[in-house]
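# Descriptive structure summary
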Amino acid sequence: MEKANESSLIGFVLLGFSDHPRLEAVLFVFVLLFYLLTLVGNITIIIISYLDPPLHTPMYFFLGNLSFLDICFTTSLAPQTLVNLRGPEKTITYGGCVVQLCISLALGSTECILLVAMALDRYVAVCKPLHYVVIMNPRLCQQLAFISWLSGLASSLIHATFTLQLPFCGNHRLDHFICEVPALLKLACVDTTINEWVLFVVSILFLLIPPALILISYGFITQAVLRLKSVEARRKAFSTCSSHLTVVIIFYGTIIYMYLQPINSYAQDQGKFISLFYTMVTPTLNPIIYTLRNKDVKDALKKLLTGKLC
């Protein structure tokens, strides 16, 4: 029992990229740069979505939620990562690991469901334009956002409950730069079959069913767009929807790789770089993708920069 509780007393050593000391300096600049870009980009999206009346629509309501989520998600991971990359001290307390694990899981799972809500919004906008205002009313949008956040919380509680009750028997050297479920399971000194099944089932619910629903909705969207006679209308519809679809592909592609593979085949070094991508790079790409491919956002951004947005 004493060994089983040792990790809760001394916490964990996050080995991270300590095998590549020269790489750590480069990664420190990389993480810092993308963290700052994430803050600037997503805060900008939130500000213009709030201040610009033409953006007071369901699409930008969900986009504002996504931006807030990305800020919180990256902030839950980036500061600790920067501290570990900067110096020889690479520890995290047990409580800090628990908080980091729970918050990152909750926010990551929330994004899985939120992207489905955004796909529903695009489906109604393209396939049922005459009923869009009635269907996507503020109450429904708020309910969909609430369900997304509540689902993320439930996923986090399930993962954390099954993972954090595992005995680590004195093993406190975590071969990762963050507290993540696959890495923690490899640290356990008991059979983790049940945990792996829980991880697999929850991953199916959050990582396979949502993108399947999104792809189905885009199948209907594509059919509806192709029936449009106006070339300009087709271009605008495809431009708006392609931004969302690009975010979906990047986000789900990296997460599925991490969580839908057997733990015993989990390539640790490769997993670290994949985690680095979806924790630091993806939150930065979201506002860039929506800004570059969306005329309304670019117009609002110009107003903000010229002081015309108030």
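Attention in this report is confined to the structure presented alongside it. Given the structure is predicted, the values throughout are model-derived calculations rather than measurements.

### A closer look at the overall build of the protein chain
- Of the regular secondary structure elements, the protein chain holds 12 helices and 3 strands.
- Rg of the C-alpha trace for the protein chain: 21 Å, near the compact-globule value of 19 Å for 310 residues, within the 12% margin.
- Projected onto its principal axes, the C-alpha coordinates of the protein chain cover approximately 70 × 40 × 30 Å.
- Burial analysis of the protein chain (310 residues in total) assigns 49% to the buried set.
- At a minimum sequence separation of 6, the contacts of the protein chain that also span at least 24 residues come to 80%.

### A word on the packing of helix α3 (residues 58–75) against helix α5 (residues 94–127)
- Put simply, α3 and α5 touch, their axes get as near as 10 Å, and they point 165 degrees apart. For the element pair α3 / α5, the angle class is roughly antiparallel. Two packed elements cross with a definite hand, and for α3 against α5 that hand is left-handed. On α5, the residues that touch Pro58, Met59, Phe62, Leu63, Asn65, Leu66, Leu69, Asp70, Cys72 and Phe73 of α3 are Ser104, Leu107, Gly108, Thr110, Glu111, Leu114, Ala117, Met118, Asp121 and Arg122.
- Broken down by class, the residue content of the contact of α3 with α5 amounts to 12 nonpolar, 4 polar and 4 charged.

### Some points on the side chain of serine 67
- Along the chain, serine 67 turns up in helix α3.
- Apart from residues lying up to four places away in sequence, serine 67 is in contact with Asn42, Ile45 and Ile46.

### Considering the side chain of aspartate 121
- Residue placement: aspartate 121 occurs in helix α5.
- By relative accessible area, aspartate 121 is classed as buried at 1%.
- In terms of polar contacts, aspartate 121 uses its side chain to reach the side chain of tyrosine 132, at 2.5 Å.
- Apart from the residues within four sequence positions on either side, aspartate 121 is in contact with Pro58, Met59, Phe62, Tyr132 and Met136.

### A few points about the state of the cysteines
- Overall, the coordinates contain 1 disulfide when judged by the stated rule.
- Two residues share a disulfide in this structure: cysteine 97 and cysteine 179, whose sulfurs sit 2.0 Å from each other. Note on the cysteine 97 and cysteine 179 pair: the S-S dihedral is about -130 degrees, so by sign convention the disulfide is left-handed. Taken together, the residues span a long stretch of sequence, with cysteine 97 in helix α5 and cysteine 179 in the loop between β3 (173–174) and α8 (181–187) at a distance of 82 residues.

### Observations regarding the sheet that holds strand β1 (residues 12–14)
- Taken in spatial order, the 3 strands make up an open sheet running β2-β1-β3, and their pairing is mixed. Each edge of the open sheet carries a strand with a single partner, namely β2 (91–92) and β3.

### A closer look at the layout of surface pockets
- Of the volumes computed, that of the second largest pocket is approximately 320 Å³.
- The wall of the second largest pocket is formed by 18 residues, among which His56, Thr57, Pro58, Tyr60 and Phe61 lie closest to the centre.
- Elements with a minimum of two residues in the lining of the second largest pocket: α2 (21–51), α3, α6 (132–135) and α7 (138–164).

### Examining the pattern of salt bridges
- With the rule as written, the count across this model stands at 2 salt bridges.
- Measuring nitrogen to oxygen at the nearest pair gives 2.8 Å for the salt bridge that ties lysine 90 to glutamate 24. Of this pair, lysine 90 sits in the loop between α4 (78–86) and β2 while glutamate 24 sits in helix α2, and the two are 66 residues apart along the sequence. Across this residue pair, the class does not change: lysine 90 and glutamate 24 are buried.
- Notably, a salt bridge pairs arginine 122 with aspartate 121, separated by 2.8 Å at the nearest N-O pair. Residue arginine 122 shares its accessibility class with aspartate 121, and that shared class is buried.

Reading the values: the criteria
Residues numbered from 1 in each chain as written. Predicted model: local features only at pLDDT ≥ 70, side-chain atom pairs only at ≥ 80, totals over all residues. Heavy atoms only, no water. Helix = DSSP H or I, 4+ residues; strand = E, 2+ residues; numbered from the N terminus. Rg over C-alpha atoms; globule rule 2.2 N^0.38 Å. Buried < 20%, exposed > 50% of the residue type's maximum accessible area, 1.4 Å probe, protein only. Contact = heavy atoms within 4.5 Å. Axes fitted to C-alpha atoms, helices over the stretch in contact; angles between N-to-C directions. Parallel < 35°, antiparallel > 145°, perpendicular 65-115°, else oblique. Left-handed = near helix turned anticlockwise from the far one by under 90°. Nonpolar A, V, L, I, M, F, W, Y, C, P; charged D, E, K, R; others polar. Polar contact = N/O pair within 3.5 Å; in protein donor to acceptor, adjacent residues only side chain to side chain. Disulfide = S-S within 2.5 Å. Pairing = 2+ DSSP bridges. 1 Å grid on protein atoms, 1.4 Å probe; cavity = no way out; pocket = protein on both sides within 12 Å on 5 of 7 lines; lining within 4 Å. Points joined across faces, edges and corners; volume = space filled by probe spheres on them. Salt bridge = Lys/Arg side-chain N within 4 Å of Asp/Glu carboxyl O.

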